[in-house]
Amino acid sequence: MKRLLFACSTLITFNSFAQNNLVLNVDAAKTTISRQIYGHFAEHLGHCVYGGFYVGEGNTKIPNTNGVRNDVIAALKKLKIANLRWPGGCFADTYHWKDGIGPKNKRPTMVNAWWGGVTEDNSFGTHDFLNMCELIGTEPYLAGNVGSGTVQDLTDWVQYVNFNGKSPMSNLRQQNGREKPWHVTYWGVGNEAWGCGGNMTPEHYADIYRQYATFMTGWSNETKIFRIASGASSDDYNWTEVLMKNIPINMLGGVALHHYSVINWSKKGPAVDFSEEQYFQIMKQALLMDSLVIRHSAIMDKYDPQKRVALVVDEWGGWYDVEAGTNPGFLYQQNTMRDAMIAGATLNIFHNHCDRVRMANLAQTINVLQAVILTNEEKMILTPTYHVMEMYNVHQDAKMVPLTVTCNDYAFGNEKLPAISASASKDSTGAMHISLVNIDSKATQDVNITLEGGNYKTVGGRILASGKLQDHNTFAAPDKIKPVLFQGATLKGKTLSVKMPPFSVVVLELK
Ligand code: AHR
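The rules we used
Residues numbered from 1 in each chain as written. Predicted model: local features only at pLDDT ≥ 70, side-chain atom pairs only at ≥ 80, totals over all residues. Heavy atoms only, no water. Phe/Tyr/Trp six-rings, centres within 6.5 Å; stacked < 30°, edge-to-face > 60°. Buried < 20%, exposed > 50% of the residue type's maximum accessible area, 1.4 Å probe, protein only. Lys NZ or Arg CZ within 6 Å of the ring centre and 35° of its normal. Near = heavy atom within 4 Å. Polar contact = N/O pair within 3.5 Å; in protein donor to acceptor, adjacent residues only side chain to side chain. Nonpolar A, V, L, I, M, F, W, Y, C, P; charged D, E, K, R; others polar. 1 Å grid on protein atoms, 1.4 Å probe; cavity = no way out; pocket = protein on both sides within 12 Å on 5 of 7 lines; lining within 4 Å. Points joined across faces, edges and corners; volume = space filled by probe spheres on them. Helix = DSSP H or I, 4+ residues; strand = E, 2+ residues; numbered from the N terminus. UniProt positions renumbered as here; feature names shortened; annotations may be inferred. Pairing = 2+ DSSP bridges. Axes fitted to C-alpha atoms, helices over the stretch in contact; angles between N-to-C directions. Contact = heavy atoms within 4.5 Å. Expected span 1.5 Å × (residues − 1). Bend = angle between axes of the 7 residues up to and from the residue. Disulfide = S-S within 2.5 Å. Salt bridge = Lys/Arg side-chain N within 4 Å of Asp/Glu carboxyl O. pLDDT = per-residue confidence, 0-100. Core = buried A, V, L, I, M, F, W, Y, C linked by side-chain atoms within 4.5 Å.

Participant: Looking at this structure, I do not really get the packing of aromatic side chains. What am I missing?
Facilitator: The description of an aromatic ring pair rests on the distance of the ring centres and on the angle between the ring planes. Summed over the entire model, instances satisfying the criterion amount to 21 aromatic pairs. Between the aromatic rings of Y50 and Y54, the centroid separation amounts to 6.0 Å while the plane-to-plane angle is 75°, which identifies the pairing as edge-to-face. Taking the relative accessible area as the measure of exposure, Y50 reaches 17% and is therefore buried. With relative accessibility at 5%, the residue Y54 sits in the buried group. Aromatic side chains F91 and Y95 sit 5.5 Å apart centroid to centroid with 35° between the ring planes, which places their arrangement in the tilted category. The structure contains a cluster of three or more aromatic residues connected by ring pairs, namely Y50, Y54, W86, F91, Y95, W97, F124, F129, W157, Y160 and W187. In this structure, R338 is placed above the aromatic ring of F274, and the distance from its NZ or CZ to the ring centre is 3.8 Å. Above the ring of Y320, the side-chain terminus of R338 is found at 3.9 Å from the ring centroid.

Structure (structure tokens):
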């Protein structure tokens, strides 16, 4: 695979440059961009689950199916979310799944210690979540409790949801109204074991992982469940090294990685009224994902040269101060064009490293952090991040087209970032899609794309752009930002010319 190259120069300072060159090696497309990169995350946190996905069976104001909002189901179906991670996050290591099954009026309450200290009634549990995944048409990804649970609890959970024969757990499932198992493939073995998941050392966690993973399956994982080890935070390379060294490859489906775009954990800055400096710093953090993926992958390559184990970036996104007047433990933040830039650039990074990054989860789906959906009683809006992920879903399960990028810099003060981020893929019909992001806050960028191979006659596409970086959708103006047809691309033979407005995302289709 040709290496993706970011080489940028800062020579010119007026408004539209012609120094952005992309070369697409169309005939070299061979590695699949797993659709599982398009995963989302639903934690019991603030109003993600309760009040976001789930409004209760008895709700007569908000149309729902078994308590799950119909508008949310429709929006997530359209988004083609590939998997949904639940119930946490930090919450997962406090969650006892047996409290969330059976008649709802008999379920015990629990205190959500990590997120706002609120009391939950356990009305949204295993059946509710897995049935909801069926409604949405997405694969569930269950995060097991390792921090405060037991090996037996997690083994029982696997049996409860997956076992087809007769057993105490499958009998219990049937008593609770579900005859056939759900066949859940994706299982997290704890979450952030280095922090809220138990403050463990990597050595200790690697041993614990081996123990839990052993009892989740039979001798040779006949049921083919995909176990994911709790992974590193950002640049904690030692964590990945210790896990890869100490856990046999055949016990690992994936190793996780969490990376948030945050300026400073004690001074994150506002979600909407941010300065250009704050924008630049967030983009720097978002683009760091490229080197994180490269370096964690290099460690994995040492122990797993055949790339059998996936790097699973199961938490990523922008993290800002909560909106004024909201519960600080609920992590509710608006979503602007800045978030669209993070989403577009991050997905491009995942595509370009799809040989190792085969699963990922944006944090989080509704009303929490970089959400794709915000709700307010019966109202629901789609954020700029939603629109980027919807525009990009054409890449799901397509073959990644290797490319090289030479581009202008987006400079702020003494620092600079590459202005253009790109990825491309060929789908099963032969159509090629190219995703481009111009993160520059001021300059229009002219991008010249050379197609090495392929034979395309037409180009079309859509663009997401707006007047101000801080622009966002609101309940009063839900469609201020949405994708529109893009007229700024011209195809002449093997050359494609694209004019990208400042802070815009474009997805092109070539046929
Ligand atoms: O997404 C919010 C929290 O961030 C998750 O619960 C945790 O895993 C991470 O620290």
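Now, onward.
Participant: Mind showing me how you'd approach the site of the ligand here?
Facilitator: The environment of the ligand is made up of 13 residues, and the closest members are E43, C90, E192, Y260 and E315. In the environment of the ligand, an oxygen atom lies 2.8 Å from a nitrogen or oxygen atom belonging to the backbone of C90. Here E192 contributes a side-chain N or O atom positioned 2.7 Å from an oxygen atom of the ligand. For the shell around the ligand, the residue count by class is 7 nonpolar, 3 polar and 3 charged.

Participant: When you look at empty space enclosed by the protein in this model, what are you seeing that I'm missing?
Facilitator: Gaps left between atoms show up when a probe the size of a water molecule is rolled over them. This structure, assessed with the given rule, holds 4 cavities of 30 Å³ or more. What the largest cavity holds in volume is close to 50 Å³. Lining the largest cavity are Y95, H96, W97, G144, N145, T150, D153, L154 and W157. The greatest single-element share of the lining of the largest cavity, amounting to 3 residues, is contributed by helix α3 (residues 151-162). Along the lines of polarity and charge, the residues of the lining of the largest cavity split into 4 nonpolar, 4 polar and 1 charged.

Participant: Please clarify how the UniProt feature "domain: Alpha-L-arabinofuranosidase C-terminal" (unreviewed entry) in the protein chain should be interpreted in this entry.
Facilitator: Per the UniProt entry, the sites bearing "domain: Alpha-L-arabinofuranosidase C-terminal" (unreviewed entry) are residues 314-504 in this numbering. Taken end to end, residues 314-504 has its terminal C-alpha atoms 26 Å apart, with 13% of it in helix and 40% in strand.

Participant: Looking at this structure, I do not really get the sheet that holds strand β13 (residues 310-318). What am I missing?
Facilitator: In spatial order, the strands read β3-β6-β9-β10-β11-β12-β13-β14; together these 8 strands close into a barrel with parallel pairing. For this sheet, the mean angle separating the axes of adjacent strands, direction not counted, is 30°. Where strand β10 (residues 186-189) and strand β11 (residues 226-233) come together, 4 bridges link them in parallel fashion. Each residue of the ladder has a partner; that of W187, found in β11, is R227. Across the sheet, helix α8 (residues 337-352) touches β12 (254-261), β13 and β14 (357-362), and the angle it forms with β13 is around 170°.

Participant: Which parts of the structure should I look at to understand helix α7 (residues 276-303)?
Facilitator: The periodicity of an α-helix, 3.6 residues per turn, causes residues three or four places apart in sequence to face the same way. For α7, with 28 residues, the first-to-last C-alpha span of 42 Å sits near the 40 Å given by 1.5 Å per residue. Its axis deflected by about 25° at D290, α7 carries its strongest bend there.

Participant: Would you mind showing me how to read the pairing of strand β16 (residues 379-382) here?
Facilitator: Here is the key point about a regular strand: its side chains alternate between the two faces of the sheet. Sheet analysis places strand β15 (residues 373-376) next to β16, joined by 4 bridges and oriented antiparallel. Across the sheet, I373 pairs through a bridge with L382, a residue of β16. Hairpin connection between β15 and β16: a loop of 2 residues separates the two successive antiparallel strands, and E377 in this loop has a positive phi of roughly 50°.

Participant: Help me out: how do you make sense of the state of the cysteines in this one?
Facilitator: Disulfides are covalent bonds that link the sulfur atoms of two cysteine residues. Going through the model one piece at a time under the given rule, you end up with 1 disulfide. Note that C90 is cross-linked by a disulfide to C196, the S-S spacing being 2.2 Å. Looking along the S-S bond of the C90-C196 disulfide, the torsion reads about -85°, which is the left-handed sense. Placement of the pair is C90 in the loop between β6 (83-86) and β7 (110-112) and C196 in the loop between β10 and α5 (202-216), with a sequence separation of 106 residues.

Participant: I would appreciate a short explanation of the side chain of E241 in the present structure.
Facilitator: Tracing the sequence through the fold places E241 in helix α6 (residues 237-246). Within polar-contact distance, the side chain of E241 engages the side chain of Y303 at 2.4 Å. Residues in contact with E241, not counting those within four places in the same chain, are I299, K302 and Y303.

Participant: I would appreciate a short explanation of the sheet that holds strand β17 (residues 399-400) in the present structure.
Facilitator: Overall, antiparallel pairing links the 6 strands, which are arranged β17-β20-β21-β27-β23-β24 in an open sheet. Looking at which strands have only one partner, the edges of the open sheet turn out to be β17 and β24 (484-485). In this sheet, strand β20 (residues 420-426) lies alongside β17 in antiparallel orientation, the contact comprising 2 bridges. Each bridged residue has a counterpart across the sheet, and for M400 the counterpart in β20 is S425. Each of β17, β20, β21 (432-438), β23 (459-464) and β27 (504-510) is contacted by α8, which is oriented at about 50° to β20, the strand it contacts most. Sitting on the sheet, helix α9 (residues 384-392) touches β21, β23 and β27, and the angle it makes with β23 is about 165°.

Participant: Which parts of the structure should I look at to understand the pattern of salt bridges?
Facilitator: Close approach of charged atoms lets side chains of opposite charge pair. Enumeration over the complete set of coordinates arrives at 21 salt bridges. Among the ionic pairs, E377 bridges to K61, the shortest N-O distance being 3.4 Å. On the criterion of sequence distance, the pair formed by E377 in the loop between β15 and β16 and K61 in the loop between β3 (39-41) and β4 (64-65) is long-range, its members being 316 residues apart.

Participant: Please explain the confidence of the model for the protein chain as it appears in this structure.
Facilitator: Low pLDDT means the predicted atomic positions in that stretch should not be read closely. The predicted model of the protein chain averages 95 in pLDDT, with 96% of residues at 70 or higher. In this model residues 1-15 is a low-confidence stretch, pLDDT under 50, and it forms 41 contacts with partners more than four residues away in sequence or in other chains.

Participant: Mind showing me how you'd approach the nonpolar core here?
Facilitator: In summary, soluble globular proteins display a tendency toward joint burial of nonpolar side chains. Ranked by internal contacts, the top residues of the largest apolar core, which has 155 residues, are L24, F53 and W316. Considering every element that reaches this core, the biggest residue donor is α7, with 11 residues. Ignoring anything within four residues of it in the chain, the contact list for F53 reads A42, C48, G67, V68, R69, V72, L76, L84, M132, I136, T365 and I366. Core analysis: the second largest hydrophobic core is formed by 7 residues, Y141, I228, A256 and A310 among them.

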